[in-house]
Amino acid sequence: MAKKVGVGLVGSQFISTIHAESLKLVSDAEILAVMSPTEGHAKEFAEKYNIPSQFTDIDQMLGMDKLDMIVIGAPNDLHCEITLKAAEAGKHIVVEKPFCMNLAEADLMIEACKKANVKLMYAEELCFTPKYVRLKGLLDEGALGDPLLLKQSEKHDGPHADHFWDVERSGGGVTMDMGCHAFQFFRWINGNNPVKSVYAQMGTTVHKEKTKGDDNAVIILEFENGVTALAEESWTKLGGMDDRAEIHGSEGVAYADVLQGNSIQTYSTRGVGYAVEKAGNTVGWSFTMYEEIWNYGFPQEFEHFVDCVKNDRQPLVTGEDGKAVLEVIFAAYESAGTGRKVYLPSKTQADKPYKLWKK
């Protein structure tokens, strides 16, 4: 492909702002359109990011011949429907996490994209986060010996939008929303070895009036190659986003802190206008981020996806990876519901993960 990759954004809220800001840094990408069903949102978004076309109807946007790739930043329950439409329109697709609502939808999405010969890419930015890429490099070069225990945690005080709290639209709570990051991180770090079993403990501890979903969770994964992985997820941690990982190996250990390790330690009696994602109160001490989206790897992620479309390369993170993560998510909710370890592969007909916990 000689020209720039024409991109259309589906969504106009928080995650789509990250998509837009990231794509603006990719020289081979050109954002041509944005779509939001809410009157006025797409227009406002288009004006802010100097995007030439804006729509309230997905079919109209997909009818643009100049669009090569769309990025889905819509609520979880719409991922499958939009993917199927985009595949039929011949557009390459980037799907935000979590991949979709259930395994049947995942199969539909993967099959539709294969049939249409379009790329289906799963937007897991932790596989592109610079500090985590370096962490994996240490393991791959043998500096830490054989991996024994992996840890990853992501914590903040709760989601941006109402649909995250509604389990009928989101499919679950913090495990669905943030555990998906850890599960793909573990698979990637561990060379995509198959997950053997999943054990989880979940609770709704603080946000009982907001959601039926879990707001705190601890999940243990056992891999076929003997590696154990521990994920800690929380929607109850105050003071801003926290994202950390560890590798414990036979010949060493490595710790990585994505945000606080890159921040400016700040004290203010007035408070900071913006410190870091999810920081509700910045009076007193706070950790103030710079180049936040770069530190998280979003521009690097989209540079890779655009390159895959432009030069017909295989994506690092695919629809099959999204489905594999979803299988772990369902197993985690089943484990939390039964109090038992769940072995994979585990077949389920549940349409939403939370139902295996709340049954």
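Structure report, in brief. (Residues numbered from 1 in each chain as written. Predicted model: local features only at pLDDT ≥ 70, side-chain atom pairs only at ≥ 80, totals over all residues. Heavy atoms only, no water.)

**Considering the sheet that holds strand β8 (residues 195-203)**
Here is step 1 of the chain: The sheet built from 7 strands is open, its strands ordered β12-β11-β7-β10-β9-β8-β15 with mixed pairing. Each end of this open sheet is capped by a strand with a single partner; those strands are β12 (252-257) and β15 (342-343).
Here is step 2 of the chain: In terms of strand pairing, strand β7 (residues 147-155) meets strand β11 (residues 242-249) through 8 bridges, oriented antiparallel. Directly across from K151, in β11, lies its bridge partner E246. (Pairing = 2+ DSSP bridges. Helix = DSSP H or I, 4+ residues; strand = E, 2+ residues; numbered from the N terminus.)

**Side note on the nonpolar core**
Here is step 1 of the chain: The biggest cluster of nonpolar side chains holds 91 residues, and the ones touching the most others in it are I70, I93 and L221.
Here is step 2 of the chain: Core analysis: the next-biggest nonpolar cluster, separate from the first, contains 24 residues, V7, V34, I51 and V306 among them. (Core = buried A, V, L, I, M, F, W, Y, C linked by side-chain atoms within 4.5 Å. Buried < 20%, exposed > 50% of the residue type's maximum accessible area, 1.4 Å probe, protein only.)

**A short note on helix α1 (residues 14-23)**
Here is step 1 of the chain: Burial runs high along α1: 7 of the 10 residues are buried.
Here is step 2 of the chain: Every buried residue belonging to α1 is among S16, T17, I18, H19, A20, S22 and L23, and all of these are buried.

**Topic: the packing of aromatic side chains**
Here is step 1 of the chain: Per the counting criterion, the structure on display carries 10 aromatic pairs.
Here is step 2 of the chain: Ring geometry for F302 against F305: centres 6.2 Å apart, planes inclined by 90 degrees, an arrangement best described as edge-to-face. Of this pair, F302 and F305 both sit in helix α11 (residues 298-311), separated by 3 residues, roughly a single helical turn. This pair shows no difference in class: F302 is buried, exactly as F305 is.
Here is step 3 of the chain: A centroid spacing of 6.4 Å and a plane angle of 55 degrees characterise the contact between Y333 and W357, whose relative ring orientation is tilted. Note that Y333 is positioned in helix α12 (residues 319-338) and W357 in helix α13 (residues 355-358), a separation of 24 residues in sequence. As far as the burial class goes, Y333 and W357 line up, both buried.
Here is step 4 of the chain: Of note, K358 hangs over the ring of W357, and the distance from its end group to the ring centre comes to 4.2 Å. (Phe/Tyr/Trp six-rings, centres within 6.5 Å; stacked < 30°, edge-to-face > 60°. Lys NZ or Arg CZ within 6 Å of the ring centre and 35° of its normal.)

**Overview of the pattern of salt bridges**
Here is step 1 of the chain: Under the criterion given, the structure shown has 22 salt bridges.
Here is step 2 of the chain: Among the salt bridges present, the one from D77 reaches R169, with a minimum N-O distance of 3.1 Å. Here R169 lies in helix α8 (residues 167-170) and D77 lies in the loop between β4 (69-72) and α4 (79-88), a separation of 92 residues in the sequence.
Here is step 3 of the chain: A salt bridge links K119 to D312, with the nearest nitrogen and oxygen atoms 2.9 Å apart. Taken together, the residues span a long stretch of sequence, with K119 in the loop between α5 (103-116) and β6 (120-123) and D312 in the loop between α11 and α12 at a distance of 193 residues.
Here is step 4 of the chain: Accessibility expressed as a relative area gives 13% for K119, which makes it buried. (Salt bridge = Lys/Arg side-chain N within 4 Å of Asp/Glu carboxyl O.)

**Describing a nonpolar patch on the surface**
Here is step 1 of the chain: A surface patch of nonpolar side chains, about 220 Å² in accessible area, is lined by Y199, V218 and I220.
Here is step 2 of the chain: Exposure remark for Y199: the relative accessible area of 33% places this residue in the partly exposed category. (Patch = residues over 30% accessible without salt bridge, like charges linked within 9 Å, V, L, I, M, F, W, Y side chains within 5 Å. Areas by Shrake-Rupley, 256 points an atom, 1.4 Å probe, with all protein chains shown as cover.)

**Description of the sheet that holds strand β1 (residues 5-10)**
In any sheet, the strands associate via hydrogen bonds between backbone groups, in a parallel or an antiparallel arrangement.
Here is step 1 of the chain: Taken in spatial order, the 6 strands line up as β3-β2-β1-β4-β5-β6 in an open sheet, and their pairing is parallel. For this open sheet the edge positions go to β3 (53-55) and β6, each flanked by a neighbour on one side alone. Between one strand axis and the next, the sheet turns through 25 degrees on average, direction left out of account.
Here is step 2 of the chain: Alignment of β4 against strand β5 (residues 92-96), held across 4 bridges, turns out to be parallel. Across the sheet, I72 pairs through a bridge with V95, a residue of β5.
Here is step 3 of the chain: Together, β1, β2 (29-35), β4 and β5 form the strand contacts of α1, whose direction differs from that of β1 by roughly 165 degrees. (Axes fitted to C-alpha atoms, helices over the stretch in contact; angles between N-to-C directions. Contact = heavy atoms within 4.5 Å.)

**What about the pairing of strand β9 (residues 216-223)?**
Here is step 1 of the chain: Only one face of β9 is covered, namely the one carrying A217, I219, L221 and F223; the face carrying N216, V218, I220 and E222 has none of its residues buried.
Here is step 2 of the chain: Strand direction decides the pairing type here: β8 and β9, joined by 8 bridges, are antiparallel. Within the sheet, the bridge partner assigned to S197 lies in β9 and is E222.
Here is step 3 of the chain: The pairing of β9 with strand β10 (residues 228-234) spans 7 bridges and is classified as antiparallel. Among the inter-strand pairings, L221 is bridged to a residue of β10, identified as A229.

**Thoughts on the side chain of K91**
Here is step 1 of the chain: Topologically, K91 is positioned in the loop between α4 and β5.
Here is step 2 of the chain: Salt bridges are absent for the buried K91, whose nearest opposite-charge side chain, D65, sits at 5.4 Å.
Here is step 3 of the chain: One polar contact links the side chain of K91 to the main-chain carbonyl oxygen of L67, over a distance of 2.9 Å.
Here is step 4 of the chain: In this structure, K91 is in contact with L62, M64, D65, L67, D68, I70, A86 and V118, ignoring residues within four places of it in sequence. (Lys, Arg positive; Asp, Glu negative; His and termini not counted. Polar contact = N/O pair within 3.5 Å; in protein donor to acceptor, adjacent residues only side chain to side chain.)

**Describing the packing of α4 against α5**
Here is step 1 of the chain: Relative orientation of the contacting elements α4 and α5 amounts to 10 degrees, with a least axis distance of 9 Å. If you check the angle between α4 and α5, you find them roughly parallel. On α5, the residues that touch H79, C80, T83, L84 and A87 of α4 are E105, L108, M109, A112, C113 and A116. (Parallel < 35°, antiparallel > 145°, perpendicular 65-115°, else oblique.)

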